[in-house]
Amino acid sequence: MDQNNSLPPYAQGLASPQGAMTPGIPIFSPMMPYGTGLTPQPIQNTNSLSILEEQQRQATQGTSGQAPQLFHSQTLTTAPLPGTTPLYPSPMTPMTPITPATPASESSGIVPQLQNIVSTVNLGCKLDLKTIALRARNAEYNPKRFAAVIMRIREPRTTALIFSSGKMVCTGAKSEEQSRLAARKYARVVQKLGFPAKFLDFKIQNMVGSCDVKFPIRLEGLVLTHQQFSSYEPELFPGLIYRMIKPRIVLLIFVSGKVVLTGAKVRAEIYEAFENIYPILKGFRKTT
Amino acid sequence: MASTSRLDALPRVTCPNHPDAILVEDYRAGDMICPECGLVVGDRVIDVGSEWRTFSNDKATKDPSRVGDSQNPLLSDGDLSTMIGKGTGAASFDEFGNSKYQNRRTMSSSDRAMMNAFKEITTMADRINLPRNIDRTNNLFKQVYEQKSLKGRANDAIASACLYIACRQEGVPRTFKEICAVSRISKKEIGRCFKLILKALETSVDLITTGDFMSRFCSNLCLPKQVQMAATHIARKAVELDLVPGRSPISVAAAAIYMASQASAEKRTQKEIGDIAGVADVTIRQSYRLIYPRAPDLFPTDFKFDTPVDKLPQL
């Protein structure tokens with residue numbers, strides 16, 4: 001991107017996408033510096049950040065591309081880091097990390113991407129599936145196989161199962177807003193067919209996210225230490241199934257470093273679960 | 001167990017000289033003896049074993065055992081299997097010609113399903129020659145059955161899963177496919193029950209390794225000991241060097257056996273190995289391709305090559 005050329009080299013990282021990050025998400029941008037007043041200093045860093053991140057930061061003073069920053073920062077300013085590092089009086093401003101995590105851990109710069117959202121809504125009236133199937137486009141109905149009409153729309157690419165009781169399940173959306181919008185579109189289709197459809201009790205039932213930690217993982221080690229949460233049976237499934245208790249999320253962890261998180265009702269649970277598992281996975285990184 | 005609880009209610013016999021001594025039971029004489037002074041305290045103890053004089057005659061119809069099977073207190077509660085024999089005289093038949101006294105009242109109705117499952121477990125274990133795991137399997141099944149958390153599942157599925165877990169716990173794991181071969185339950189269902197049982201009993205099992213299956217697969221393929229040892233070494237090295245990340249240990253073991261057998265005089269085809277191991281031959285091919293580049297490093301140092309390493313088949 002040519003806007004990179006105008007910025008100083010160390011701030012180029014702000015414009016470049018980071019891993020799995022989409023620029024659309026306002027809150028969780030990995031390129032958060034500490035805000036204007038708290039520019040990271042090499043000397044001050046040791047009391048709050050790990051040595052590794054300090055080394056990374058020192059390395060990136062001269063090179064372009066930022067090290068992954070803590071992204072729970074409240075400030076949204078993207079002020080470029082100064083080239084020369086002015087020495088701030090270190091004891092006065094404690095460099096408390098802005099993340100709620102323990103000070104010894106650094107947060108990953110990786111944000112899980114949502115892949116699928118399943119939601120349900122009640123249309124509030126009994127439906128005649130045969131007329132819906134005959135008159136609506138992109139609808140299939142095979143009562144011998146399954147007792148619902150399967151309808152698909154293209155705009156948020158989703159599939160809906162519409163039951164004769166008036167309840168509907170909408171799957172395939174990539175974000176909560178898209179899921180709600182798609183459900184509304186299906187309700188509209190049903191309404192246009194002549195049924196008095198309403199939009200009651202829209203609820204997201206399940207959210208699936210995935211991400212990549214970018215290093216291979218020793219699953220055998222993980223299953224030995226976290227026996228009560230993990231289940232790893234290579235004969236049955238090649239991934240390790242980790243059932244986290246604190247946000248009740250199931251994670252599928254693979255040798256390649258890809259992680260799938262599912263079972264969440266809200267987006268924050270997925271993020272929290274990934275933040276919980278990331279330090280554990282780092283401990284089981286394959287060294288070769 | 002009903003019998004012991006009734007004994008507890010009765011006044012316990014103690015040696016008059018040593019009231020604290022625990023009496024030793026002598027089954028042969030039917031006595032209870034004080035270990036301190038040797039006094040015979042209680043006599044005429046009922047022997048709950050099977051009838052002493054059961055011979056395996058040809059006259060199998062007339063069962064000479066008059067007290068029934070030996071009591072199995074560990075597994076079924078209170079198996080008091082007194083049975084009414086077939087009537088012989090005229091008095092035992094009523095006017096229609098049926099026997100007056102029906103035989104085999106429900107002897108242990110609460111555990112009929114459990115006894116059925118034990119029979120099934122014995123049959124399955126017998127098919128794959130596992131006589132020693134039966135006790136452990138029966139115990140596991142009894143624990144699961146009493147917990148009732150898996151009550152909805154087919155008993156055969158739970159029995160197969162218990163057999164699988166028992167083999168794992170004894171250190172001689174069998175693959176799911178091997179258990180499938182002797183059971184009518186699908187691998188998927190056995191896998192589900194396996195996970196549920198581990199959760200219900202709050203136990204865990206060790207991870208399977210490639211070496212667990214070497215001796216069985218190699219002897220089924222009639223491979224000599226050097227080839228088996230070479231294959232074990234190859235598989236272990238392959239896992240250590242992380243040449244096969246994410247592959248099932250069974251597939252890696254099968255590929256190692258293929259490589260070792262192809263380097264020796266006793267060559268086996270991928271199909272043969274696949275049949276024995278329960279692995280598809282394309283899977284063996286895939287894993288073999290991963291270990292083939294490092295073949296010289298994987299063989300043990302004292303291996304006698306019939307086909308040298310560079311002439312190994314490349315797939």
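Residues numbered from 1 in each chain as written. Chains lettered and ligands numbered in written order. Predicted model: local features only at pLDDT ≥ 70, side-chain atom pairs only at ≥ 80, totals over all residues. Heavy atoms only, no water.

Named according to an unreviewed UniProt entry, chain A is TBP isoform 2 originating from Pan troglodytes. Per its UniProt entry, chain A bears the Sequence similarities (unreviewed entry) comment "Belongs to the TBP family." Annotation of chain A in UniProt includes, under Subcellular location (unreviewed entry), the sentence "Nucleus". (UniProt positions renumbered as here; feature names shortened; annotations may be inferred.)

Visitor: Before we go on, may I ask you to explain the overall build of chain A in this structure?
Guide: Of the regular secondary structure elements, chain A holds seven helices and ten strands. Counting the 288 residues in chain A, one finds 43% classified as buried. In chain A, the proportion of contacts linking residues at least 24 apart, taken out of those at least 6 apart, comes to 64%. Carbon and sulfur atoms make up 58% of the accessible area of chain A, which totals about 15,200 Å². (Helix = DSSP H or I, 4+ residues; strand = E, 2+ residues; numbered from the N terminus. Buried < 20%, exposed > 50% of the residue type's maximum accessible area, 1.4 Å probe, protein only. Contact = heavy atoms within 4.5 Å. Areas by Shrake-Rupley, 256 points an atom, 1.4 Å probe, with all protein chains shown as cover.)

Visitor: Which parts of the structure should I look at to understand the pairing of strand β6 (residues 200–212) of chain A?
Guide: Working note: regular strand, side chains alternate between the two faces of the sheet. All names here are of chain A. Looking at chain direction, strand β1 (residues 113–122) and β6 are connected through eight bridges and run antiparallel. Looking across to β6, one finds that Val118 is bridged to Asn206. Pairing between β6 and strand β10 (residues 258–264): six bridges, direction antiparallel. Across the sheet, residue Cys211 finds its bridge partner in β10, namely Val259. (Pairing = 2+ DSSP bridges.)

Visitor: How should the side chain of Thr210(B) be read in this particular structure?
Guide: Residue and element names in this part refer to chain B. With respect to the helices, strands and loops of the structure, Thr210 is situated in the loop between α6 (187–201) and α7 (211–220). Thr210 sits in the buried class, given a relative accessible area of 8%. With residues near it in sequence (within four places) discarded, Thr210 still touches Ala235, Arg236, Val239, Pro249, Val252 and Ala253.

Visitor: So what exactly am I meant to see when it comes to the packing of helix α2 (residues 112–127) of chain B against helix α3 (residues 134–147) of chain B here?
Guide: Residues and elements named next belong to chain B. Running from amino to carboxyl end, α2 crosses α3 at an angle of 150°, the nearest separation of the two axes being 10 Å. With respect to their mutual orientation, α2 and α3 come out roughly antiparallel. α3 is crossed by α2, and the crossing has right-handed handedness. Across from Ala113, Met114, Ala117, Phe118, Ile121, Thr122 and Ala125 in α2, the residues of α3 making contact are Ile134, Thr137, Asn138, Phe141, Lys142 and Tyr145. Residue classes in the contact of α2 with α3 are distributed as nine nonpolar, three polar and one charged. (Axes fitted to C-alpha atoms, helices over the stretch in contact; angles between N-to-C directions. Parallel < 35°, antiparallel > 145°, perpendicular 65-115°, else oblique. Left-handed = near helix turned anticlockwise from the far one by under 90°. Nonpolar A, V, L, I, M, F, W, Y, C, P; charged D, E, K, R; others polar.)

Visitor: Even after reading the chapter, I still don't get the nonpolar core, so can you show me in this structure?
Guide: Buried together is how nonpolar side chains tend to be arranged in soluble globular proteins. Ranked by size, the top nonpolar core spans 56 residues in total, and within it Ile132(A), Leu251(A), Ile253(A), Leu261(A) and Leu281(A) carry the most contacts. The biggest single contributor to this core is helix α7 (residues 267–283) of chain A, with six residues. When residues of this core are assigned to domains, at least three map to each of domain 1 (119–204) and domain 2 (213–284) of chain A. Aside from chain neighbours lying at most four places away, what touches Ile253(A) is Ile217(A), Leu219(A), Leu222(A), Gly239(A), Leu240(A), Tyr242(A), Lys258(A), Val259(A), Ile277(A) and Leu281(A). The next biggest cluster of nonpolar side chains, apart from the first, holds 39 residues, and it includes Phe213(B), Ile234(B), Ile273(B) and Phe303(B). (Core = buried A, V, L, I, M, F, W, Y, C linked by side-chain atoms within 4.5 Å. Domains from an automatic or database assignment.)

Visitor: Honestly, the environment of Glu272(A) in this entry has me stumped. Any pointers?
Guide: Residues and elements named next belong to chain A. As for its position among the elements, Glu272 is in helix α7. For Glu272, a relative accessible area of 32% puts it in the partly exposed group. Other than its neighbours up to four places away in sequence, Glu272 contacts Lys246 and Pro247.

Visitor: What exactly am I supposed to notice about the pattern of salt bridges here?
Guide: Two side chains of opposite charge can pair, provided their charged atoms sit close to one another. Residues and elements named next belong to chain B. A complete count under the given rule lists 19 salt bridges over all chains for this structure. When the shortest N-O distance is used, the salt bridge between Arg268 and Glu266 registers 3.0 Å. Relative accessible area serves as the criterion here: at 32%, Glu266 is assigned to the partly exposed category. Residue Lys271 pairs with Asp275 through a salt bridge whose shortest N-O separation is 3.7 Å. On the criterion of helical spacing, the pair formed by Lys271 and Asp275 is a turn pair, its members being four residues apart in helix α10 (residues 270–277). (Salt bridge = Lys/Arg side-chain N within 4 Å of Asp/Glu carboxyl O.)

Visitor: Just checking my understanding: could you explain the environment of Phe254(A) for this structure?
Guide: Checked against the element boundaries, Phe254(A) lands in the loop between β9 (249–253) and β10. Discounting residues that sit within four places of it in the chain, Phe254(A) has contacts with Ile217(A), Leu219(A), Phe237(A), Pro238(A), Gly239(A) and Val260(A).

Visitor: For this particular structure, what's the right way to read the interface of chain A and chain B?
Guide: A common way to express how large an interface is: the accessible area buried when the components associate. Tallying the contact residues gives 14 residues for chain A and 19 residues for chain B. Where chain A abuts chain B, roughly 1,300 Å² becomes buried across the two surfaces, and 60% of that area is made up of carbon and sulfur atoms. Contact with chain B buries surface across chain A, with Glu233(A), Glu235(A) and Leu236(A) losing the most and accounting together for 48% of the total. Close ionic contact of Arg168(B) with Glu233(A) constitutes a salt bridge, the shortest N to O distance being 2.5 Å. Here chain A is connected to chain B by six residue pairs in polar contact (both at pLDDT 80 or more). Tallied by class, residues from the side of chain A that touches chain B come to seven nonpolar, three polar and four charged. (Buried area = accessible area lost by both parts, 1.4 Å probe. Polar contact = N/O pair within 3.5 Å; in protein donor to acceptor, adjacent residues only side chain to side chain.)

Visitor: Mind showing me how you'd approach the sheet that holds β6(A) here?
Guide: Note on sheets: strands pair through backbone hydrogen bonds, and any given pair is parallel or antiparallel. Residues and elements named next belong to chain A. Taking strand neighbours across the sheet as the criterion, the ten strands line up as β2-β3-β4-β5-β1-β6-β10-β9-β8-β7 in an open arrangement whose pairing is antiparallel. The open sheet terminates on both sides in strands that have one partner only, identified here as β2 (139–141) and β7 (230–231). In the sheet, β9 pairs with β10 via four bridges, with the strands oriented antiparallel. Opposite Val250, over in β10, you have Thr262 as the bridge partner. The strands touched by helix α5 (residues 176–192) within the sheet are β1, β3 (148–153), β4 (158–163), β5 (167–173) and β6, with β5 carrying the most contacts at an inclination of about 135°.

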